[in-house]
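# Architecture and fold: a report
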Amino acid sequence: MDFLKVLDETAERVKNTVKPLLKSPIAGKTYGIGAGGDAKKHIDLEAEKTIVSTLRRKGLEFTLISEETGIRRCGNRPSYYVTTDPIDGTTNLLRGIPFACSSIAISTTAHVGSVEAGVVVDLFHSVTYLAQRNRGAFRNSERIEPAQIDNLDDAVVGVDINSCDTSPRLAQLLGQIKHVRHLGANALELCYVADGTADGFIDVRGKLRTTDIAAAILIIEESNAIITDSRGVPLSRPLSPTTTIDFIAAGNRPLHQKILTALGTDQTHVDSH
Ligand SMILES: [Mg+2]
């Protein structure tokens, strides 16, 4: 199966599902709490339905790992895992702030390291990021690579500061970055690092779920940008709507190192990675 083609088509369908809902008052109607702990909204559930039905129609049998409805079997003999945050940036989307995405990853096991292909689709613009393991990362079919800016004075660095305990180490980092951003859809912000739109993006809160960024991690890795956990160790986490993850992503190793240093992370134990 051509995963990139399947994911590209699925992403397009999600966009078409979401578009008419943008102006509709029912988009934000809530239906209890989702598997990831946030309120399930009508628009989230419609996007998930589109993802599942499109992939099933393409003949994929899989175990769904979703931020919204949790873990369930789709098909008789699931041979893959599909991890999704059907809509990342729901608050932006409902307010009309043009920064939200849908994110889908296909993997062979329920683990971030076994993601084979991923898509992150910008729901406001004609931009789709795709990656397949060992075959590179793409923005609208063009190969992407990260920026080479390697100092905190010039770098644009996203920092997720939602519901954040401002620890002294984070305060120290924020004091050194001149251009801090927080756009409100983490998967898409990671793709901005992959294609050099931004230079770094970090979330050290320990609150983000692995379902949010399963696809984006592969896009980052395949673009040759760097992503580790907040101690500088390669990411290694199960895929589930309740497993949390923290990360530091940067376009290049020197910038990644400077962010770690500014956070006061001792690198002596992890340099071999
Ligand atoms: Mg969501």
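Look up: the structure comes first, before these words.
Residues numbered from 1 in each chain as written. Predicted model: local features only at pLDDT ≥ 70, side-chain atom pairs only at ≥ 80, totals over all residues.

## Notes on the sheet that holds strand β9 (residues 136–139)
If you trace the eight strands from one edge of the open sheet to the other, you get β4-β3-β5-β6-β7-β8-β9-β10, paired in mixed fashion. Only two strands of the sheet have a single partner each, and these edge strands are β4 (70–74) and β10 (142–143). Strand direction decides the pairing type here: β9 and β10, joined by two bridges, are antiparallel. Following the sheet pairing, F138 is matched in β10 by R143. Strands in contact with helix α2 (residues 42–57) are β3 (62–66), β4, β5 (80–88) and β6 (101–107); relative to β5, the strand with the most contacts, it is inclined by about 150°. In this fold helix α6 (residues 210–222) packs onto β3, β5, β6, β7 (115–122), β8 (128–132) and β9, with an angle of close to 105° to the strand it touches most, β7. (Pairing = 2+ DSSP bridges. Helix = DSSP H or I, 4+ residues; strand = E, 2+ residues; numbered from the N terminus. Contact = placed C-beta atoms within 7 Å. Axes fitted to C-alpha atoms, helices over the stretch in contact; angles between N-to-C directions.)

## Observations regarding helix α1 (residues 3–21)
With 19 residues, α1 extends 28 Å from end C-alpha to end C-alpha; this agrees with the ideal 27 Å at 1.5 Å per step. Within α1, burial applies to F3, V6, L7, T10, A11, V14, T17 and V18. Looking straight down α1, one finds its buried side chains confined to an arc of 130°; they lie on one side. Exposed and oriented more than 90 degrees from the buried face of α1 are K5, N16, K19 and P20. (Expected span 1.5 Å × (residues − 1). Buried ≥ 20, exposed ≤ 12 C-beta atoms within 10 Å, placed from the backbone. Arc of directions from axis to C-beta.)

## Overview of the packing of helix α5 (residues 186–194) against α6
Closest axis-to-axis distance for the α5/α6 pair is 9 Å, and the angle between their directions is 5°. Judged by the angle between their axes, α5 and α6 are roughly parallel. Together, N186, A187, L190, C191, V193 and A194 of α5 and D212, I213, A215, A216, I219 and I220 of α6 make up the contact between the two elements. Looking at the contact of α5 with α6 residue by residue, the classes come out as ten nonpolar, one polar and one charged. (Parallel < 35°, antiparallel > 145°, perpendicular 65-115°, else oblique. Nonpolar A, V, L, I, M, F, W, Y, C, P; charged D, E, K, R; others polar.)

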